[in-house]
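# Descriptive analysis of the structure
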Amino acid sequence: MIDINSIISEMTTEGSQVIIPLIQQMLGLLPDIPMIKLMVSFILWKPIFAALICPGFSTLGILLLFFPWIERKLCARIQWRVGPREVVRWLGGIIQLLADTLKFIFQEVIIHKDAHKFYFLQFPLLTFIPALLPILFVNIASADAEYPLVAIQSPYAIQIMLALICLFPVFILGMGWASNSRYAFIGTVREAFMYFAYEVPFIIAVLAMIILFGTSGSVAITEWQSTWWRWGIICNPFAALAFFIGSAMATSRLPFEIPEADQEVAFGPFVEYSGIGFGLVYIVCYEKMYVLSALMTMLFLGGGNGPYIAPLGDLSGAVWFLLKTIIVMTTLAILRPIYPRYRLDQGLGMGWSAILFLALIALVLSIIMRSVGMVL
Amino acid sequence: MKKVAVPEYRVGEKVKLHARAIGTAMVESVYPKTVTTQYPRERKKMPDNFRGYILFEVDKCISCFQCAFVCPANAVRAKEAPNGRYYPTIDYAKCIFCHFCIDSCSGGALKTTKIHDVAYKDMDEMLTLTEEMIEPPEIIREDKKSVEYLIDEKDLHLKRVREVDTLFVAVTPPVEIPMVSQCIDRANCIGCRVCEEVCESGAISSSAENGVLKMKIDTDKCTGCGLCVKECSMQILRLVRK
């Protein structure tokens with residue numbers, strides 16, 4: 001049984017509400033209707049706020065709506081093209097993805113004869129589980145804030161996030177298997193190979209940071225990196241580099257776009273999808289990119305730490321966090337026009353030699369720093 | 001034997017090259033050197049001798065068939081008009097826009113324009129009759145700007161000018177060299193009188209004296225159009241300077 005009174009009392013305890021001085025005046029103007037007040041304070045309740053508004057659902061939705069456009073426009077500028085332009089011309093085609101989404105929704109969903117219908121249809125939806133759940137553990141409050149702004153506080157937040165992120169390729173393998181097509185099979189096998197190539201250095205890099213911080217709770221990590229010279233990227237740049245390359249591999253960004261490779265295997269595991277199914281698998285990659293960028297911001301860029309912006313109150317940390325996340329995402333996106341695609345064996349070789357080596361150096365560095373006590 | 005191999009780089013060089021690539025990308029993302037022409041909204045400025053849609057002026061045509069003769073793609077054909085003369089028609093399905101017809105036109109009746117974007121509904125429509133060649137096709141201008149490509153020592157640049165480029169070229173008539181038809185080998189004339197029939201200005205006349213046909217070219221009347229030269233079956237007429 002859910003006891004509503006206990007929930008309300010928990011909602012209204014001190015420090016459990018998000019306080020934004022900018023809109024506090026507006027909230028005071030709300031009529032004294034109990035239901036509306038209750039709903040507003042429910043949304044402003046920190047766990048719900050984190051899950052629904054920032055960094056959760058709304059922020060994610062807005063980012064997903066505009067980030068593909070930003071990426072396409074950026075790549076186009078670097079490659080001397082123009083990029084999407086014709087949808088809302090005077091804004092440079094900013095709602096291109098909205099138009100694409102409408103197209104995806106009204107397209108026919110084709111399930112071909114050989115596909116395993118049950119899994120074929122459910123895997124694009126199931127992929128959202130490992131892609132969405134890690135956001136619950138992201139703390140976006142700055143270290144100065146008295147109370148954290150995170151949906152679920154856990155001392156094992158990083159490990160849970162990592163476990164969920166590592167679950168992601170399993171669903172992609174499932175999609176490729178259910179598609180039952182040779183391009184999908186090739187893409188799936190490539191995805192599996194890449195999975196093994198990046199996962200080990202990726203996990204070791206995160207492990208190095210956990211050893212350095214001595215904790216794996218998202219709140220404690222943010223507190224540890226309270227000043228800029230204690231950010232992870234400055235304390236352990238090798239881990240940051242290994243993590244960054246690992247994320248580029250994990251999100252199939254261009255130098256490691258081996259599983260999708262549309263010139264070779266025509267989007268690999270997703271080749272048989274059409275209509276809204278393709279829309280989902282297209283967007284889920286960006287979602288994974290957001291999660292990995294958020295993790296990178298948390299581990300290496302100091303989370304929500306930054307100069308305090310008074311009118312935003314508790315959202316001050318969120319603004320810095322999102323800014324850093326978008327910078328990481330843009331850096332991942334900017335790789336697309338710079339690099340050509342590696343061959344599968346080159347990608348594997350890189351993952352198993354250079355990046356693993358980098359991650360091991362980072363691990364050793366962390367252990368030395370921790371044992372010598374250079375930090376703290 | 002020399003083998004092509006992957007160049008070997010040291011770690012420092014590799015890092016330098018990566019940094020340079022990323023730096024170039026950063027600079028380009030802020031100041032891109034995009035050279036795309038936003039076509040319907042702006043047009044590239046074409047040179048005056050651009051080989052585009054061909055226009056025709058009836059008054060200047062002397063029906064010499066040179067255009068149909070010279071056309072390498074057999075796109076130009078002469079068709080009989082109600083007044084008995086022959087005028088060119090162009091099949092744009094075949095035309096390769098070499099503009100040999102314009103170069104060969106002795107009267108300057110054919111002339112070029114900068115129109116390069118004519119749309120047709122089907123292949124039959126692409127056969128442009130003489131009447132349609134007199135007036136330019138209907139043009140819908142959406143462009144507000146003209147675009148010019150400038151090439152300097154380093155790179156190619158795009159220069160946008162806020163002006164609408166005119167699509168028609170004013171052809172200055174060439175300095176006319178007065179020519180006159182002359183018979184170079186009188187002994188070989190067979191007296192077929194084709195030249196007399198074909199002459200528009202009536203410069204060639206014939207007279208029979210004692211059963212001998214005598215042809216005469218009036219140099220004052222002759223305009224030097226060259227029709228008789230072309231039609232002469234013995235090829236003994238030439239155009240010479242007056």
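What counts, and where the lines are drawn
- Residues numbered from 1 in each chain as written.
- Chains lettered and ligands numbered in written order.
- Predicted model: local features only at pLDDT ≥ 70, side-chain atom pairs only at ≥ 80, totals over all residues.
- Helix = DSSP H or I, 4+ residues; strand = E, 2+ residues; numbered from the N terminus.
- Rg over C-alpha atoms; globule rule 2.2 N^0.38 Å.
- Contact = placed C-beta atoms within 7 Å.
- Buried ≥ 20, exposed ≤ 12 C-beta atoms within 10 Å, placed from the backbone.
- Pairing = 2+ DSSP bridges.
- Nonpolar A, V, L, I, M, F, W, Y, C, P; charged D, E, K, R; others polar.
- Axes fitted to C-alpha atoms, helices over the stretch in contact; angles between N-to-C directions.
- Parallel < 35°, antiparallel > 145°, perpendicular 65-115°, else oblique.
- Left-handed = near helix turned anticlockwise from the far one by under 90°.
- Domains from an automatic or database assignment.
- Core = buried A, V, L, I, M, F, W, Y, C linked by C-beta atoms within 7 Å.
- Expected span 1.5 Å × (residues − 1).

### Topic: the overall build of chain B
Counting its secondary structure elements, chain B contains six helices and twelve strands. Relative to its length of 242 residues, chain B is extended, with a C-alpha radius of gyration of 29 Å against a globular reference of 18 Å. A principal-axis box enclosing the C-alpha atoms of chain B has dimensions of 105 × 55 × 35 Å. Excluding contacts between residues fewer than 6 apart, the proportion of contacts in chain B whose partners are at least 24 apart in sequence is 67%.

### So, the pairing of strand S7 (residues 145-151) of chain B
All names here are of chain B. Within S7, only zero of the seven residues are buried, which leaves it mostly out in the open. Note: strand S1 (residues 42-44) against S7, three bridges, orientation parallel. Opposite Arg-43, over in S7, you have Ser-146 as the bridge partner. Pairing geometry for S7 and strand S8 (residues 156-161), over six bridges, is antiparallel. Its bridge partner lying in S8, Leu-150 is registered against His-157. As consecutive antiparallel partners, S7 and S8 are separated by four residues.

### Side note on the interface of chain A and chain B
Counting residues at the interface gives nine residues for chain A, matched by ten residues for chain B. Those elements that place two or more of their residues in the side of chain A that touches chain B are helix H5 (57-78) and helix H15 (315-338) of chain A. Here the residues of the side of chain A that touches chain B sort into seven nonpolar, no polar and two charged.

### Describing the sheet that holds S7 of chain B
Residue and element names in this part refer to chain B. Taken in spatial order, the three strands line up as S1-S7-S8 in an open sheet, and their pairing is mixed. Strands with a single pairing partner mark the edges of an open sheet, and in this sheet they are S1 and S8. Ignoring which end each strand starts from, the neighbouring axes of this sheet average 30° apart.

### Thoughts on the packing of helix H7 (residues 117-126) of chain A against helix H9 (residues 157-179) of chain A
Residue and element names in this part refer to chain A. Direction vectors running N to C along H7 and H9 enclose 160°, while the axes themselves pass 9 Å from each other. Taken together, the axes of H7 and H9 lie roughly antiparallel to each other. Every pair of crossing elements has a handedness; the one defined by H7 and H9 is left-handed. Between H7, through Tyr-119, Phe-120, Phe-123, Pro-124 and Leu-126, and H9, the contact on the second element is made entirely by Phe-171, Gly-174, Met-175, Ala-178 and Ser-179. When the residues that make up the contact of H7 with H9 are grouped by side-chain class, the tally is eight nonpolar, two polar and no charged.

### What to know about the pairing of strand S10 (residues 204-209) of chain B
Residues in a regular strand point their side chains to alternate faces of the sheet. Residue and element names in this part refer to chain B. Pairing analysis gives six bridges linking S10 to strand S11 (residues 212-217), with the strands arranged antiparallel. By the bridge assignment, Ser-205 is partnered in S11 with Lys-216. Here S10 folds back onto S11 in antiparallel fashion, the turn holding two residues, of which Asn-210 has a positive phi close to 55°.

### Focus on the domain arrangement of chain B
Under the domain assignment used here, chain B contains domain 1 (42-161) and domain 2 (179-241). Measuring from the centre of the C-alpha atoms in domain 1 of chain B to the corresponding centre in domain 2 of chain B gives 34 Å.

### Things to note about the sheet that holds strand S3 (residues 76-80) of chain B
Each strand in a sheet pairs with its neighbour through backbone hydrogen bonds, running either in the same direction (parallel) or in the opposite one (antiparallel). Residue and element names in this part refer to chain B. Spatially, three strands are ordered S3-S4-S6 in an open sheet, and the strand pairing comes out antiparallel. Both edges of this open sheet fall to S3 and strand S6 (127-128), since each of them pairs with a single strand only. With two bridges joining them, strand S4 (residues 86-91) and S6 adopt antiparallel strand pairing. Residue pairing in the sheet places Asp-91 in a bridge with Leu-127 of S6.

### Quick notes on the nonpolar core
Residue and element names in this part refer to chain A. Membership of the largest hydrophobic core comes to 100 residues, with the highest contact counts inside it found for Ala-205, Ala-242, Phe-243, Met-296 and Leu-299. The element best represented in this core is helix H14 (residues 276-300), accounting for 15 residues. In contact with Ala-205, other than residues within four places in its own chain, are Ala-239, Ala-242, Phe-243, Gly-246, Ala-359 and Ala-362.

### Some details on unusual backbone geometry
In this structure, the amide linkage connecting Cys-54 of chain A to the following residue, Pro-55 of chain A, adopts the cis form with an omega of 10°. Positive phi, close to 65°, is recorded for Arg-193 of chain B, a residue that is not glycine. Inspection of the secondary structure puts Arg-193 of chain B in the loop between strand S9 (179-183) and helix H5 (194-198).

### Description of helix H1 (residues 11-30) of chain B
Relative to the 28 Å expected for 20 residues at 1.5 Å per residue, H1 of chain B spans 29 Å between its end C-alpha atoms, a close match to the ideal helical length. Among the 20 residues in H1 of chain B, one count as buried, and that is only a small part of the element.

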